[in-house]
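Fold and contact review
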Amino acid sequence: SGFAISNDGGTMVINDGDGVLQFFDITWNGSTPTLTHNGTSYTADARADNNAIYQMAFDWGGNLVCSGKNVGIYSIPTDNNQSTTPARSSLLVTKAQATVLGDVNCDGERDINDVTTLISYVLGQDPHPINLVAANVNGLDGVDIDDVTMLISIVLGKR
């Protein structure tokens, strides 16, 4: 089932219904494509018992990925068999800190700022940052007014 078009728009692959992938070259006249079978076909290893391929797509490197009963990845030869996958230029890794019950705004303190952040959340606003694990002060399902009441008691030193 279906078809996939390469990232450069130059190749289209169609599953012919018998589990055979048929490859076509695409030439474009404006937004109108013309397909020419390039003589390439593969029997797909990914097909299910009924020869169905459920999805097909080209990955960033130009490989055809097909899924059916199995997953098949087909490397499509090109004039330049290299690709560079874009990635972030940097990645910041921070050490996760243990959640302190009631430190709703993640500043390391349990104070009135946590109470106001929690009240904002309960009223349907979207305060940021908010730690919903720390906001579930009473440990019951969800975060609600009971958590606000318990956090106020903690901040006032009554718990």
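Structural notes, computed from the coordinates. Predicted, not measured: the structure shown is a model, and the values here were computed from it.

**Thoughts on the overall build of the protein**
For the protein, the helix and strand inventory stands at three helices and seven strands. For the protein, the α and β elements follow one another from N to C terminus as β-β-β-β-β-β-β-α-α-α. The burial tally for the protein puts 28% of its 159 residues in the buried class. If you take every contact in the protein between residues at least 6 apart in sequence, the share linking residues at least 24 apart comes to 35%. Accessible surface, the protein as shown: approximately 10,700 Å² in total, 51% of it carbon and sulfur.

**Quick notes on the environment of L21**
Note on placement: L21 falls in strand β3 (residues 20-29). A relative accessible area of 0% means that L21 is categorised as buried.

**Observations regarding the side chain of Q22**
Residue position: Q22 is located in strand β3. Among the polar contacts made by the side chain of Q22, one reaches the side chain of D16 at a distance of 3.4 Å. Apart from the residues within four sequence positions on either side, Q22 is in contact with M12, V13, I14, D16, H37, T40 and S41.

**Brief notes about the nonpolar core**
By size, the foremost hydrophobic cluster in this structure holds 11 residues: A4, V13, L21, F23, I53, M56, F58, L64, C66, Y74 and I76. Of all the secondary structure elements, the ones that give two or more residues to this core are β3, β5 (55-58) and β6 (64-67). If you look at the next biggest cluster of nonpolar residues, it comprises eight residues, including L118, A135, V137 and I154.

**A word on the pairing of β6**
Residues L64 and C66 point to one face of β6 and are all buried, whereas V65 and S67, pointing to the other face, are not buried. Across four bridges, the pairing between β5 and β6 is antiparallel. Of the residues in β6, the one forming a bridge with M56 is C66. The antiparallel pairing of β5 with β6 creates a hairpin that spans five residues between the two strands, and G62 there sits at a positive phi of about 90 degrees. Across four bridges, β6 lies against strand β7 (residues 71-74) in antiparallel orientation. Following the sheet pairing, L64 is matched in β7 by Y74. Connecting β6 to the antiparallel partner β7 that follows it, the hairpin turn spans three residues.

**Quick look at the sheet that holds β5**
Backbone hydrogen bonds are what pair the strands of a sheet, in a parallel or an antiparallel way. Strand order in the open sheet formed by three strands is β5-β6-β7, and the pairing between neighbours is antiparallel. Here the strands that pair on one side only, and so sit at the sheet edges, are β5 and β7. Between one strand axis and the next, the sheet turns by 15 degrees as a mean value, whatever way the strands run.

**Remarks on the sheet that holds strand β1 (residues 3-5)**
Pairing is antiparallel across the open sheet formed by four strands, whose spatial order is β1-β2-β3-β4. Of all strands in the sheet, those bounded by a partner on one side alone are β1 and β4 (32-43). Between one strand axis and the next, the sheet turns by 25 degrees as a mean value, whatever way the strands run. Pairing geometry for β3 and β4, over nine bridges, is antiparallel. Residue pairing across strands places F24 opposite H37, the latter belonging to β4.

Calculation notes
- Every chain begins its residue count from 1, and numbering advances along the sequence as written.
- Since the coordinates come from a predicted model, pLDDT governs what is reported: local features require at least 70, and pairs of side-chain atoms require 80 or more to be given and counted, while whole-chain, interface and lining totals use all residues.
- Side-chain measures here rest on the full set of heavy atoms in the structure, leaving out hydrogens and waters.
- Each helix is a run of H or I in the DSSP string that is no shorter than four residues. Each strand is a run of E no shorter than two, and both are numbered from the N terminus.
- Using a 1.4 Å probe on the protein chains alone, a residue whose accessible area is under 20% of its type maximum counts as buried, one over 50% counts as exposed, and one in between counts as partly exposed.
- Only heavy atoms enter the contact rule, under which two residues are in contact if any of them lie within 4.5 Å.
- In these tables, accessible area is a Shrake-Rupley quantity obtained with a 1.4 Å probe, and a residue counts as shielded only by the protein chains included in the view.
- N or O atoms closer than or at 3.5 Å make up a polar contact, with two conditions inside protein: a donor-capable atom paired with an acceptor-capable one, and, for residues adjacent in sequence, both atoms drawn from side chains.
- Buried Ala, Val, Leu, Ile, Met, Phe, Trp, Tyr and Cys residues form a nonpolar core when they are joined through side-chain atoms within 4.5 Å.
- Here, any two strands with at least 2 DSSP bridges between them count as paired.
- In this analysis an axis means a line fitted to C-alpha atoms, helices contributing only their contacting stretch, and an angle means the value between N-to-C directions, from 0 to 180 degrees.

The values are spatial; any link to function lies outside them.
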